[in-house]
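This is what each chain is made of:
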Amino acid sequence: MTIDLVITLFVIGFAGSFISGLVGIGGSIIKYPMLLYIPPALGFAAYTAHEVSGISAVQVFFATLAAVWTLRKDKLIHYQLVVYMGSAIIVGSFLGGYGGKFLSADAVNIVYAILATIAVILMFLPKKRMDECEQTEVIFHKSTAVLSALIVGGASGIVGAAGAFILVPIMLTILKIPTRVTIASSLAITFLSSIGSTVGKWMAGDILLWPSVIMVIASILAAPLGTKVSKRLGTRILQTILALLILATTIKIWADILLFTCGC
């Protein structure tokens, strides 16, 4: 690895992890396309979709761990919600993380694009304003929470994501969880999910050591910064940032898939 590649990977990891802490996601929605497209665009060897998913899985584990550690004293994490959704998503993410080895690179990219598209639709649906509710007042439908977490875990595990970029819209739109409780709780759920996807990717042989180490270092530094900035921003701003990020990456990945399909 050259110093230029090390710097490139660090910047990608730092940017994605800062966003992870900011809006309560693992950061794969940002890092997956960045790792896929930026290194070859700068003249470095391209990583395969399977390698990118493996690197992302390890990075998400440490990014969410650092962010949750920063938020542990703020009393925003809804632990009952974390237990229900976390236990389901860790099973799904393990199955998806290991099962992804049997899919082609194109299939992995399509799974990512479908997940991101669903997330975009959910983010732009009307939401009931519940941002004034306390964490102790939040009530959710347990069966819906478990089933959605299991499905999201399986699909997101395939691309090395922890699934928060689609879990957050589900928690906001379907489960009606307040924004700040959603951000804090989703980070804890994402951390559990990343355990399953990381183990699955390791068993599948998709994890590259040194790129993962670089991304982890960036995660530990950047994710806590994102959580601190998040506390100072309004909930509408946080939701808008997340929606625009997901929309931009969704357009990019679908454009590439369609261009490849038509041979352009």
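The preceding data block contains the structure.
Keep in mind that this is a model prediction, so the values were computed, not measured. (Residues numbered from 1 in each chain as written. Predicted model: local features only at pLDDT ≥ 70, side-chain atom pairs only at ≥ 80, totals over all residues. Heavy atoms only, no water.)

Student: Pulling in residues and values, what's your account of the overall build of the protein?
Tutor: The secondary structure content of the protein amounts to 10 helices and zero strands. Going from N to C terminus, the protein has its helices and strands arranged as α-α-α-α-α-α-α-α-α-α. Computed over the C-alpha atoms, the radius of gyration of the protein is 17 Å, within 12% of the 18 Å expected from 2.2 N^0.38 for a compact globule of 264 residues. Expressed along its principal axes, the backbone C-alpha trace of the protein runs to roughly 50 × 35 × 30 Å. Here the protein holds 264 residues, and the buried ones make up 55% of them. In the protein, once contacts between residues fewer than 6 apart in sequence are set aside, the share between residues at least 24 apart is 87%. Put simply, the protein shows about 11300 Å² of open surface, and 73% of that area lies on carbon and sulfur atoms. (Helix = DSSP H or I, 4+ residues; strand = E, 2+ residues; numbered from the N terminus. Rg over C-alpha atoms; globule rule 2.2 N^0.38 Å. Buried < 20%, exposed > 50% of the residue type's maximum accessible area, 1.4 Å probe, protein only. Contact = heavy atoms within 4.5 Å. Areas by Shrake-Rupley, 256 points an atom, 1.4 Å probe, with all protein chains shown as cover.)

Student: Please set out the packing of aromatic side chains residue by residue, giving values where relevant.
Tutor: Per the counting criterion, the structure on display carries five aromatic pairs. Between the aromatic rings of Phe10 and Phe14, the centroid separation amounts to 6.1 Å while the plane-to-plane angle is 35°, which identifies the pairing as tilted. Of this pair, Phe10 and Phe14 both sit in helix H1 (residues 3-23), four residues apart, which is roughly one turn of that helix. Above the face of the Phe140 ring, Lys142 is positioned so that its terminal group lies 5.3 Å from the ring centre. (Phe/Tyr/Trp six-rings, centres within 6.5 Å; stacked < 30°, edge-to-face > 60°. Lys NZ or Arg CZ within 6 Å of the ring centre and 35° of its normal.)

Student: Give me empty space enclosed by the protein: which residues, what numbers.
Tutor: Using the criterion set out here, one finds two cavities of 30 Å³ or more in the structure. Its volume calculated, the second largest cavity comes out at about 50 Å³. Val23, Met123, Val168, Leu172, Thr179, Ile183, Leu238, Gln239 and Leu242 together form the lining of the second largest cavity. Only helix H7 (164-173), helix H8 (179-204) and helix H10 (235-262) provide two or more residues apiece to the lining of the second largest cavity. Ranked by the residues each element gives to the lining of the second largest cavity, the list is headed by H10, at three residues. Of the residues that constitute the lining of the second largest cavity, the class distribution is seven nonpolar, two polar and no charged. (1 Å grid on protein atoms, 1.4 Å probe; cavity = no way out; pocket = protein on both sides within 12 Å on 5 of 7 lines; lining within 4 Å. Points joined across faces, edges and corners; volume = space filled by probe spheres on them. Nonpolar A, V, L, I, M, F, W, Y, C, P; charged D, E, K, R; others polar.)

Student: Help me get a handle on a nonpolar patch on the surface, residues and values and all.
Tutor: A surface patch of nonpolar side chains, amounting to about 560 Å² of accessible area, comprises Tyr98, Phe102, Val199, Trp202 and Met203. Per element, the largest residue contribution to the nonpolar patch is three residues, and it comes from H8. With respect to the secondary-structure elements, Trp202 resides in helix H8. Relative accessible area serves as the criterion here: at 62%, Trp202 is assigned to the exposed category. (Patch = residues over 30% accessible without salt bridge, like charges linked within 9 Å, V, L, I, M, F, W, Y side chains within 5 Å. Salt bridge = Lys/Arg side-chain N within 4 Å of Asp/Glu carboxyl O.)

Student: Lay out the nonpolar core in plain terms, naming residues and giving numbers.
Tutor: Core analysis: the biggest nonpolar cluster contains 69 residues, and Tyr32, Leu81, Met85, Ile177, Ile189 and Ile246 have the highest contact counts within it. Top element by residues in this core is helix H5 (residues 105-123). It accounts for 10 residues. Contact partners of Leu81, with chain neighbours within four places excluded, come to Gly86, Phe140, Met171, Leu175, Ile177, Ser185 and Ile189. (Core = buried A, V, L, I, M, F, W, Y, C linked by side-chain atoms within 4.5 Å.)

Student: Give me the side chain of Thr70: which residues, what numbers.
Tutor: Within the secondary structure, Thr70 is located in helix H3 (residues 49-71). Separated by 3.0 Å, the side chain of Thr70 and the backbone oxygen of Ala66 make a polar contact. Sequence-distant contacts of Thr70, that is, excluding residues within four places in its chain, are made with Pro224, Thr227, Lys228 and Lys231. (Polar contact = N/O pair within 3.5 Å; in protein donor to acceptor, adjacent residues only side chain to side chain.)

Student: Please give an account of the side chain of Ser185 that cites residues and values.
Tutor: Its place among the elements puts Ser185 in helix H8. A polar side-chain atom of Ser185 sits 2.9 Å from the main-chain carbonyl oxygen of Val181. Ignoring any residue separated from it by four or fewer positions in sequence, one finds Ser185 in contact with Leu76, Ile77, His78, Leu81, Val82 and Met171.

Student: So what about the environment of Glu51? Which residues, and what values?
Tutor: Mapping Glu51 onto the fold places it in helix H3. A C-alpha to C-alpha distance of 9.8 Å links Glu51 and Pro211, two positions 160 residues apart in sequence. Once you skip the residues sitting within four places of it in the chain, Glu51 turns out to touch Asp206 and Leu208. Among the polar contacts made by the side chain of Glu51, one reaches the main-chain amide nitrogen of Thr48 at a distance of 3.0 Å.

Student: Would you mind going over the environment of Ser20 in detail, with residue names and values included?
Tutor: Among the structural elements, Ser20 can be located in helix H1. For Ser20, a relative accessible area of 0% corresponds to the buried category. Measuring from C-alpha to C-alpha, the distance between Ser20 and Val58 comes to 14 Å, with 38 residues separating the pair along the chain.

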